[in-house]
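# Overview (structure and organization)
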Amino acid sequence: MNLTLKVWRQKNAQTSGKFVSYKAENISPDMSFLEMLDVVNESLTHKGDEPINFDHDCREGICGMCSLYINGHPHGPKRGITTCQLHMRTFHDGETITIEPWRAEAFPIVKDLAVDRSAFDRIQQAGGYVSVNTGGVPDGNAIPIPKVIADEAFNSATCIGCGACVAACKNASAMLFVSAKITQLGLLPQGQPERYRRVQSMVAQMDEEGFGSCTNTGACEAECPKEIKLTNIARMNNDYFSAKLFREDEVHEQGH
Amino acid sequence: MTLDAKIPQGPLAEKWSKHKFDLKLVNPANKRKYDIIIVGTGLAGASAAATLGELGYNVKAFCFQDSPRRAHSIAAQGGINAAKNYQNDGDSVFRLFYDTIKGGDYRARESNVHRLAEVSVNIIDQCVAQGVPFAREYGGLLDNRSFGGSQVSRTFYARGQTGQQLLLGAYSALNRQIHAGKVKMYTRHEMLDVVTIDGHAKGIVTRNMLTGAIDTHDGHAVLLCTGGYSNVFYLSTNAIGSNVTAAWRAHKRGAFFGNPCYTQIHPTCIPVTGDHQSKLTLMSESLRNDGRVWAPKTVEIAEQLRKGTLKADQVKEDDRDYFLERKYPAFGNLVPRDVASRNAKEMVEEGKGVGGSGFAVFLDFADAIKRLGEETVKAKYGNLFDMYIQITDENPYKQPMRIYPAVHYTMGGLWVDYNLSTTIPGLYALGECNFSDHGANRLGASALMQGLSDGYFVIPYTLGDYLAKIGPKKVDTNHPAFAATKKDVVDHVNKLLALKGTKTTNEYHRELGHIMWEYCGMARTDEGLRKAKGLIQALKADFWKNAIVTGENEEVNASLERAGRVADFIELGELMIDDALMRKESCGGHFRVESQTADGEALRDDENFAFVAAWEFKGENQPEELHKEQLTFEAVHLSQRNYA
Ligand SMILES: Cc1cc2nc3c(=O)[nH]c(=O)nc-3n(C[C@H](O)[C@H](O)[C@H](O)COP(=O)(O)OP(=O)(O)OC[C@H]3O[C@@H](n4cnc5c(N)ncnc54)[C@H](O)[C@@H]3O)c2cc1C
Ligand code: SF4
Ligand code: FES
């Protein structure tokens, strides 16, 4: 296959960027999208030009490091997969492919197609955990958990923290990401003691990072590579209002 | 220097308890006076950082990804072992210990392995308490599955994403300590050297991968938790960024490298399709619980399958050779990885390989789907099947998967004593980065167990002993060693940036991978290894003349990062060859063609090779010096492994 790529190039957050066109030649349909970029980068390197910078690591859809806004979709046109799992057989010979970074105020550009998603880490640091120290915990089977609950918690826990939900949202809202963690821990007995405190701390941090608000468009769910459901957001809102109405004092007492 | 493994005295089952009591403790009020550097925040590093932070130490943690949640541990699929015996099927600490020693082909240290089996049970409790959503049965209790090399069900799992869930658990504990101010996290930082003062590790040098700033960091101790080096083979199941640089630079500063040639080739990976391939994808070993491995009985049928004139499901039952079930009736498809891999290779060499390239055998779920129904199979393995479909465009619910072995894990790594200390006092190695617990072959679901054991339950004790002995006096950052080591790093970076040749570092890496796979892969010969050594030396010389590195230091520069890693892989490759040449026996994943039994199994030579090889760096382009840690076995009887 031969393709034309329109790629966003930007040296760093301080400079402005622009689209540059490249030819991708002799691409095999069995290649992954990132392998196609590897090929382009090898030829740029041979010419002494700077290769295109993009984030990636596991290349099997689990680390959440890859991003890329491809032809107007985060992680490309196929549902339920990440960019690294996208294969070139999805495209046709001669096609022009536009490749951009995630665009959101809370995700400043690092270089070319890579962005800074450390805001996600800071939200998790604000409360995405159960406060137990190592050692001295009860036996793993001490508290039975109904299989349906465990499975539901697991589904929320499969979020890979990629940020596609933010990139997809016209308001750059991070609600789907934040609600996935809140739902996972909120469903499990281990997460109960800090349930209301957690939701308030994480939402407060989310707001502080400059993510937009949710207007229920559902673009996040449609583009999420792990198919995290909007019901997570409903649960989070529930817990949040419940906390605000009845349990807010707890946070102020225990907050750091 | 003589190697001292510092194995505690006393009966095997009491060593760890007794040792914990004998270790010195750091007074709680003094803990905050100690700074601990942790490089790597995968399972081993994140669990260590969180636990040491909870104890009150000041921790500085580093990783090269943009978040600790992305460490390669995230990709582990199948599960984690623990001797809980929840299934009442005869498991025990001793059995897990025994299986691990035997699975490792009697090349691991008994005392370490027993400790690992002991603390395995605590790991599961810890993870459950953190909110890790393990798979459960309808009664609400934890579910288990069995894994290769064992006859009991002791593997805990979270669908096909166990590593992800365990890492997110450790990451959450780490986040809590970051929030509490006890851990300072440095992401997108690459460690490039260790600073030693009077022979003790006192700091590291890092490069900030966003700005290029090269800085020193001081600490009373340094923990390397930087993962394995499978990517020396270029193609492996590891993440693209996994590398040996941290361990290798530490090696060059005096940390001995243990058993570098012990690598694990995993039997069930998606076969290579072409030269563009950047990595290989594992299909979890858990699939062998329900999938049956087979190859066509005759070369003629294989030929038709390769050409596509015959489809796998059209091959008659009588024409299929379920070779693992045939040769190993007791373990069947669940034989250890090295055995399964070598058998697949044999089939291919006999001309019975399938798929376009002929480098594959089948893993078939037809029987499982008949027996359990498609829904059950989907619930167990759905995400793996999806992954397979994505990559191959074939449907394993309808057609058997094609699989072939690929490099997956490195049992070798920095040599450590019982306390996880390297030969540089104050420098520790945890997780896949050390050589310890798996001998010459790792059993499935045991790496996650070891990483978390090292981080949550071992290092918090053993490190305290060292710290109590050296005392909390501040590290002297004006010591010339800091400036000198930093200068070495700057010089190395500049040397790389000056390379403006004709070949990309990726091309060198691929070439190195070809050499390693061909001569130091599933079967190794004296002749081949000697040839490989020459090839690698030539490759190294050529790299430093003709490689291309683009850009400058003061920016995000993936080309520079890659170049440094490839340069280190080339040097490591040579040491692996030396180690493989030296070890004239076969054991576990190290198969020397000259040393095999009549039926082609690995043949050990316990008389001459029951030792750990620990290599000492002696200077650039000098032969390394071999030190031997003799292995003694008291609790198990050395025997030829037999899985029939
Ligand atoms: C596909 C796959 C599936 C697997 N499945 C299983 C399984 O089911 N069960 C099982 O038990 N094991 C499994 N394993 C093995 C297991 O996942 C690994 O051995 C284990 O996760 C390694 O953990 P770690 O903490 O030692 O290292 P890693 O998770 O690799 O972490 C390394 C850390 O070091 C950092 N780092 C490295 N170098 C530097 C540097 N120079 N500077 C700064 N930071 C650095 C990285 O950023 C990262 O944080 C699997 C492995 C693979 C590849
Ligand atoms: S919710 Fe989905 S899109 Fe958002 S970060 Fe998680 S996995 Fe990515
Ligand atoms: S590179 Fe890890 S999810 Fe894509």
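Because the structure is predicted, anything quoted here is derived from the model rather than measured.

Turning to the overall build of chain B, a few remarks are in order. A tally of helices and strands in chain B yields 18 helices and 21 strands. For a compact globule of 644 residues, the expected C-alpha radius of gyration is about 26 Å, and chain B comes in at 24 Å, within 12% of that figure. Dimensions of chain B, computed from the C-alpha atoms along their principal axes, are close to 75 × 60 × 50 Å. A fraction of 75% describes how many contacts in chain B between residues 6 or more apart in sequence connect residues 24 or more apart. Here chain B holds 76 positive side-chain charges and 78 negative ones, and the gap between their average locations is 4 Å.

Moving on, we get to the overall build of chain A. Helix and strand counts for chain A come out as eight helices and seven strands. Taken over the C-alpha atoms alone, chain A extends approximately 60 × 40 × 35 Å along its principal axes. Within chain A, the fraction of its 256 residues that count as buried is 59%. Of the roughly 10,200 Å² that chain A leaves accessible, carbon and sulfur atoms contribute 50%.

The next subject is the sheet that holds strand β1 (residues 3-9) of chain A. Residues and elements named next belong to chain A. Strand order across the open sheet formed by five strands is β2-β1-β5-β3-β4, with mixed pairing between neighbours. On the outer flanks of this sheet lie β2 (18-24) and β4 (73-74), each paired with one strand and no other. Here β1 pairs with strand β5 (residues 96-100) via four bridges, running parallel. When the bridges of β5 are listed, T4 appears paired with T96. With respect to the sheet, helix α1 (residues 33-46) is in contact with β1, β2, β3 (69-70) and β5, its orientation differing from that of β2 by roughly 90°.

Listed by partner, the interface residues are 73 residues for chain B and 70 residues for chain A. The tally of links from chain B across to chain A stands at seven salt bridges. With a closest N to O distance of 3.5 Å, A:K111 and B:E555 form a salt bridge. Of all the elements in the fold, those that place two or more residues in the side of chain B that touches chain A are α3 (43-55), α5 (110-130), α6 (162-179), α12 (374-392), α13 (447-470), β18 (503-504) and α15 (505-520) of chain B. By residue number, the principal contributor to the side of chain B that touches chain A is α6(B), which donates nine residues.

If you check the shell around ligand 1, you find 39 residues, and the closest are B:Q65, B:S73, B:G78, B:M191 and B:E432. At the site occupied by ligand 1, nearby residues are drawn from chains A and B. One of the backbone N or O atoms of B:F64 is found 3.1 Å from an oxygen atom in ligand 1. For ligand 1, whose accessible area on its own is 1,000 Å², the fraction buried by protein is 98%. For the shell around ligand 1, the secondary-structure elements that each account for two or more residues are α3, β6 (189-197), β15 (401-410) and α13 of chain B. Counted by class, the shell around ligand 1 contains 17 nonpolar, 18 polar and four charged residues.

Predicted coordinates in areas of low pLDDT are best not read in detail. Residue-level pLDDT values for chain A average 95, and 96% of them are 70 or greater. Every residue in residues 252-256 of chain A is under pLDDT 50, and counting partners more than four places away or in other chains gives three contacts.

Quick look at a nonpolar patch on the surface now. Nonpolar side chains collect at one region of the surface, where A:F241, A:L245 and A:F246 lie side by side and expose about 400 Å² of accessible area between them. With respect to the helices and strands, the residue A:F241 is situated in helix α8 (residues 231-254).

Residues in close proximity to ligand 2 total 13 residues, the closest being A:C159, A:C162, A:G163, A:C165 and A:C224. Taken together, the elements giving at least two residues each to the shell around ligand 2 come down to α4 (164-168) and α5 (175-187) of chain A.

Judged by nonpolar contacts, the single largest core of 160 residues is most densely connected at B:I80, B:F134 and B:L223. With 13 residues, the top contributor of residues to this core is helix α17 (residues 558-582) of chain B. Look past the residues within four positions of B:F134 in its chain and what remains in contact with it is A:A150, B:I80, B:I124, B:C127, B:V128, B:L142, B:F156, B:Y157, B:A158 and B:L166. Formed by 64 residues, the second largest nonpolar core is a distinct cluster that contains A:I81, A:A104, A:A106 and A:A174.

All names here are of chain B. Between α5 and α13, whose axes approach to 9 Å, the crossing angle comes to 85°. The angle between α5 and α13 places the two elements in the roughly perpendicular class. Touching R115, L116, V119, S120, N122, I123, Q126, C127 and Q130 of α5 are M449, Q450, L452, S453, Y456, F457 and V458, all from α13.

Further remarks concern the domain arrangement of chain B. One frequently used descriptor of interface size is the decrease in accessible area upon assembly of the parts. All names here are of chain B. The domain architecture assigned to chain B consists of domain 1 (268-407) and domain 2 (486-620). Here domain 1 and domain 2 have C-alpha centroids that lie 30 Å from each other. Taken together, the contacts link 10 residues of domain 1 with nine residues of domain 2. The junction of domain 1 with domain 2 conceals about 830 Å² of combined surface from both sides, 56% of it contributed by carbon and sulfur atoms. Scanning the region where domain 1 abuts domain 2 turns up two residue pairs in polar contact (both at pLDDT 80 or more). When contributions to the side of domain 1 that touches domain 2 are tallied by element, the ones reaching two or more residues are α10 (337-349) and β15. In terms of residue count, the dominant contributor to the side of domain 1 that touches domain 2 is α10 (five residues). Tallied by class, residues from the side of domain 1 that touches domain 2 come to five nonpolar, one polar and four charged.

This brings us to the pairing of strand β11 (residues 263-269) of chain B. One face of the sheet, then the other: side chains in a regular strand alternate in exactly this way. Residue and element names in this part refer to chain B. Summarising burial for β11: seven of the seven residues are buried, a large majority. Note that β11 and β15 share five bridges and pair antiparallel. Of the residues in β15, the one forming a bridge with H266 is A406.

What follows deals with the pattern of salt bridges. Two side chains carrying opposite charge are able to pair once their charged atoms lie near each other. All names here are of chain B. All told, the structure shown has 67 salt bridges over all chains when counted by the stated rule. Close ionic contact of D290 with K380 constitutes a salt bridge, the shortest N to O distance being 3.1 Å. One end of the pair, D290, is in the loop between β11 and β12 (292-296); the other, K380, is in helix α12, and 90 residues separate them in sequence. With a shortest N-O distance of 3.1 Å, K352 and E350 are connected by a salt bridge. Under the relative-accessibility criterion, E350 is labelled partly exposed at 39%. Counted as one network, the salt bridges with shared partners bring together D105, R107, R583, E585, R604 and D606.

Take the packing of aromatic side chains next. Under the counting rule described, the total for this entry stands at 30 aromatic pairs over all chains. Grouping aromatic residues by their ring pairs yields a cluster made of A:F107, A:F120, A:F177 and A:F211. Its end group placed over the ring of B:W544, B:K495 keeps NZ or CZ at 4.3 Å from the ring centre.

A few words on helix α6 (residues 195-208) of chain A. Structural remark: α-helix, 3.6 residues per turn; residues separated by three or four positions point the same way. Residues and elements named next belong to chain A. The end-to-end C-alpha separation of α6 is 20 Å, in line with the 20 Å expected for 14 residues at 1.5 Å each. Every buried residue of α6 is accounted for by Y196, R197, R198, V199, Q200, M202, V203, Q205 and M206. Residue G210 follows α6 closely and has a positive phi angle near 90°.

Residue and element names in this part refer to chain A. In terms of domain boundaries, chain A breaks down into domain 1 (3-111) and domain 2 (118-251). Its C-alpha centre places domain 1 at a distance of 30 Å from the equivalent point of domain 2. Domain 1 puts 18 residues into the contact, and the matching count from domain 2 is 20 residues. Of all residues in domain 1, the largest losses of buried area upon contact with domain 2 belong to P74, A106 and F107, amounting jointly to 32% of the total for that side. Where domain 1 packs against domain 2, one counts zero salt bridges. One can count three residue pairs in polar contact (both at pLDDT 80 or more) joining domain 1 with domain 2.

What follows is about α13(B). Approximately 55° is the largest bend angle found in α13(B), and it occurs at B:V458, with the proline B:P460 only one to four residues beyond. Across the 24 residues that make up α13(B), a large majority, 19, are buried.

Here is what the cut-offs are and how they apply
Residues numbered from 1 in each chain as written. Chains lettered and ligands numbered in written order. Predicted model: local features only at pLDDT ≥ 70, side-chain atom pairs only at ≥ 80, totals over all residues. Heavy atoms only, no water. Helix = DSSP H or I, 4+ residues; strand = E, 2+ residues; numbered from the N terminus. Rg over C-alpha atoms; globule rule 2.2 N^0.38 Å. Contact = heavy atoms within 4.5 Å. Lys, Arg positive; Asp, Glu negative; His and termini not counted. Charge placed at Lys NZ, Arg CZ, Asp CG, Glu CD. Buried < 20%, exposed > 50% of the residue type's maximum accessible area, 1.4 Å probe, protein only. Areas by Shrake-Rupley, 256 points an atom, 1.4 Å probe, with all protein chains shown as cover. Pairing = 2+ DSSP bridges. Axes fitted to C-alpha atoms, helices over the stretch in contact; angles between N-to-C directions. Salt bridge = Lys/Arg side-chain N within 4 Å of Asp/Glu carboxyl O. Near = heavy atom within 4 Å. Polar contact = N/O pair within 3.5 Å; in protein donor to acceptor, adjacent residues only side chain to side chain. Nonpolar A, V, L, I, M, F, W, Y, C, P; charged D, E, K, R; others polar. pLDDT = per-residue confidence, 0-100. Patch = residues over 30% accessible without salt bridge, like charges linked within 9 Å, V, L, I, M, F, W, Y side chains within 5 Å. Core = buried A, V, L, I, M, F, W, Y, C linked by side-chain atoms within 4.5 Å. Parallel < 35°, antiparallel > 145°, perpendicular 65-115°, else oblique. Domains from an automatic or database assignment. Buried area = accessible area lost by both parts, 1.4 Å probe. Phe/Tyr/Trp six-rings, centres within 6.5 Å; stacked < 30°, edge-to-face > 60°. Lys NZ or Arg CZ within 6 Å of the ring centre and 35° of its normal. Expected span 1.5 Å × (residues − 1). Bend = angle between axes of the 7 residues up to and from the residue.

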